[in-house]
Amino acid sequence: LLLDLLPPGVCNLLNPAAIYANNEISLGDVEIYGFDYDYTLAQYSNLLHSMIFNTARDILIEQFKYPEGLGKYDYIPGFAIRGLHYDVQKSLLMKIDAFHYVQLGTAYRGLKPVPDEEVIELYGGTQHIPLYQMSDFYGKGPSLKQFMDIFSLPEMTLLSSVIDYFITHGIEFDQVHLYKDISDAIRDVHVKGVMYKWIEKDLEQYILHGDEIYAVLNRLVNHKKKLFLITNSPFSFVDKGMKHMVGKNWRDLFDMVIVQADKPNFFTDRRKPFRKLDDKGSLQWDKINQLEKGKIYKEGNLFDFLRLTGWRGSKVLYFGDHLYSDLADLMLRHGWRTGAIVPELETEIRIINTEQYMHSLTWQQALTGLLERMQMYQDAESKQVLLEWMKERQEIRSLTKNLFNPQFGSIFRTFHNPTYFSRRLVRVSDILNYDVNVTFYPRRTPLQHEAPLWMDQLCTGCMKTPFLEEMVHIR
């Protein structure tokens with residue numbers, strides 16, 4: 001029956017390598033391309049997450065005097081996903097949807113799930129998190145912190161591991177102090193340059209997709225596009241990585257290179273002027289009245305950048321991986337076009353294309369349709385059938401979630417709603433790998449009160465509705 005419901009070829013309908021648009025954008029109108037560096041131009045192997053976890057764990061033990069037993073914990077690949085919220089006061093790591101509801105079954109204290117009943121009790125008898133508690137424009141709220149970048153995966157896993165150790169050993173702890181200590185330990189790995197040294201020593205092992213970056217940048221330059229780079233990383237680190245991926249003359253491709261920019265402050269704080277670096281990375285003292293091609297600049301701010309370049313509005317497209325630090329200000333306050341780098345998208349689309357996912361989702365939708373149309377029957381026998389259907393539907397929803405991540409599911413949706421991460425992604429990003437004059441047209445997603453009968457979906461055969469002929473007679 002399920003095979004009959006699935007149109008031919010539906011399991012390969014989506015291209016994992018495709019570009020997906022949240023807003024209509026014509027690349028023919030884009031004259032200037034900007035890039036972040038870490039996890040945008042430079043993609044890193046998963047080994048880096050283990051190194052960050054281990055080093056921050058050792059900092060907790062050696063410098064913060066945490067129990068030595070923590071040394072037995074290793075990084076758990078695939079434990080956490082991007083976009084989760086952490087309630088500092090309740091020590092809860094959880095997934096929240098676009099309407100501020102906690103997805104039940106995805107709340108963890110330490111490494112163990114918290115029962116749904118306890119989660120609802122903790123929030124006053126509801127799954128809903130009030131707006132005043134939610135994260136602000138940059139992902140930080142009074143008691144909730146949202147983890148938005150890929151570098152946050154080891155931080156979430158370390159946070160969960162430390163809490164697991166304390167709970168398992170009956171050690172009382174102050175939630176605020178513990179969260180701050182772990183955040184400081186993770187920050188030290190980045191700020192003190194430890195991570196940079198690992199990568200520089202073995203670029204081949206840590207950096208992925210170098211050939212693709214070279215091809216993309218060259219294609220843009222060949223089409224007379226201007227390029228710039230704004231990164232929080234230091235010049236020596238970026239220089240080694242770019243030479244590895246693009247070649248020793250990589251700076252010839254860029255009209256501007258800005259390092260140690262201190263994003264997101266770079267986009268909002270007018271006080272820091274640009275400083276020039278020489279070819280060895282040493283600071284110069286002269287006042288910056290123009291930004292010259294081939295030169296390296298440190299710090300600065302976006303307002304001086306706009307004034308000195310004249311690069312404004314929708315002719316600029318900037319790519320980054322952090323929705324808040326890289327993209328939010330640029331789109332919402334300055335009108336740049338923005339592209340979010342989301343490596344997880346390819347993995348999730350490969351899962352969506354599997355028969356197991358398609359079968360589960362199709363049958364789940366069929367059960368939902370039956371429940372919706374048959375719920376008016378309230379005799380004892382019908383009620384029993386409805387209960388069995390609801391139980392089966394819940395089991396299938398959990399199975400579908402587990403295909404993406406056993407703890408938290410997909411980073412883009414809860415059981416039926418977009419995640420909080422997904423909503424912010426759509427809000428702050430418009431969308432390289434094709435003709436630079438292409439226009440991206442986002443699909444019209446039907447609202448709840450609209451019929452889902454768009455011709456592009458009908459023509460691809462993906463709108464076949466389970467039991468449509470049988471169910472149309474039920475009133």
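Residues numbered from 1 in each chain as written. Predicted model: local features only at pLDDT ≥ 70, side-chain atom pairs only at ≥ 80, totals over all residues. Heavy atoms only, no water.

Where an unreviewed UniProt entry is consulted, the protein chain appears under the name 5'-nucleotidase domain-containing protein 2, with the organism given as Podiceps cristatus. Word for word, the UniProt comment on the protein chain under Sequence similarities (unreviewed entry) is "Belongs to the 5'(3')-deoxyribonucleotidase family." (UniProt positions renumbered as here; feature names shortened; annotations may be inferred.)

A separate point is helix 4 (residues 152-168). Look at helix 4: 24 Å from first C-alpha to last across 17 residues, which is about the 24 Å you get at 1.5 Å a residue. Across the 17 residues that make up helix 4, a large majority, 15, are buried. One or two residues past the end of helix 4 sits Gly-170, with phi positive at roughly 65°. (Helix = DSSP H or I, 4+ residues; strand = E, 2+ residues; numbered from the N terminus. Expected span 1.5 Å × (residues − 1). Buried < 20%, exposed > 50% of the residue type's maximum accessible area, 1.4 Å probe, protein only.)

By size, the foremost hydrophobic cluster in this structure holds 116 residues, and its most contacted members are Tyr-37, Phe-254 and Phe-305. Here this core gets eight residues from one element, more than from any other, and that element is helix 4. Leaving out residues up to four positions away in the same chain, Tyr-37 has contacts with Ala-42, Tyr-44, Ile-207, Leu-229, Ile-230, Thr-231, Ser-233, Phe-237, Val-238, Gly-241, Met-242 and Met-245. Judged by nonpolar contacts, the second largest core, of five residues, contains Ile-351, Ile-352, Tyr-357 and Phe-404. (Core = buried A, V, L, I, M, F, W, Y, C linked by side-chain atoms within 4.5 Å. Contact = heavy atoms within 4.5 Å.)

Moving on: unusual backbone geometry. Cis rather than trans, the peptide bond between Lys-263 and Pro-264 has omega equal to 5°. Mapped onto the elements, Pro-264 comes out in the loop between strand 11 (256-259) and helix 10 (265-268). In this structure, Lys-65 takes a positive phi of about 60° despite not being glycine. In this fold, Lys-65 is placed in the loop between helix 2 (47-62) and strand 4 (85-87). Owing to a relative accessible area of 66%, Lys-65 belongs among the exposed residues under this scheme.

Turning to the pattern of salt bridges, a few remarks are in order. What the rule picks out here adds up to 19 salt bridges. Among the salt bridges present, the one from Arg-109 reaches Glu-118, with a minimum N-O distance of 3.0 Å. On the accessibility criterion, Glu-118 (30% relative accessible area) is partly exposed. One network of salt bridges, in which partners are shared, links Lys-180, Asp-184, Arg-187, Asp-188 and Lys-192. (Salt bridge = Lys/Arg side-chain N within 4 Å of Asp/Glu carboxyl O.)

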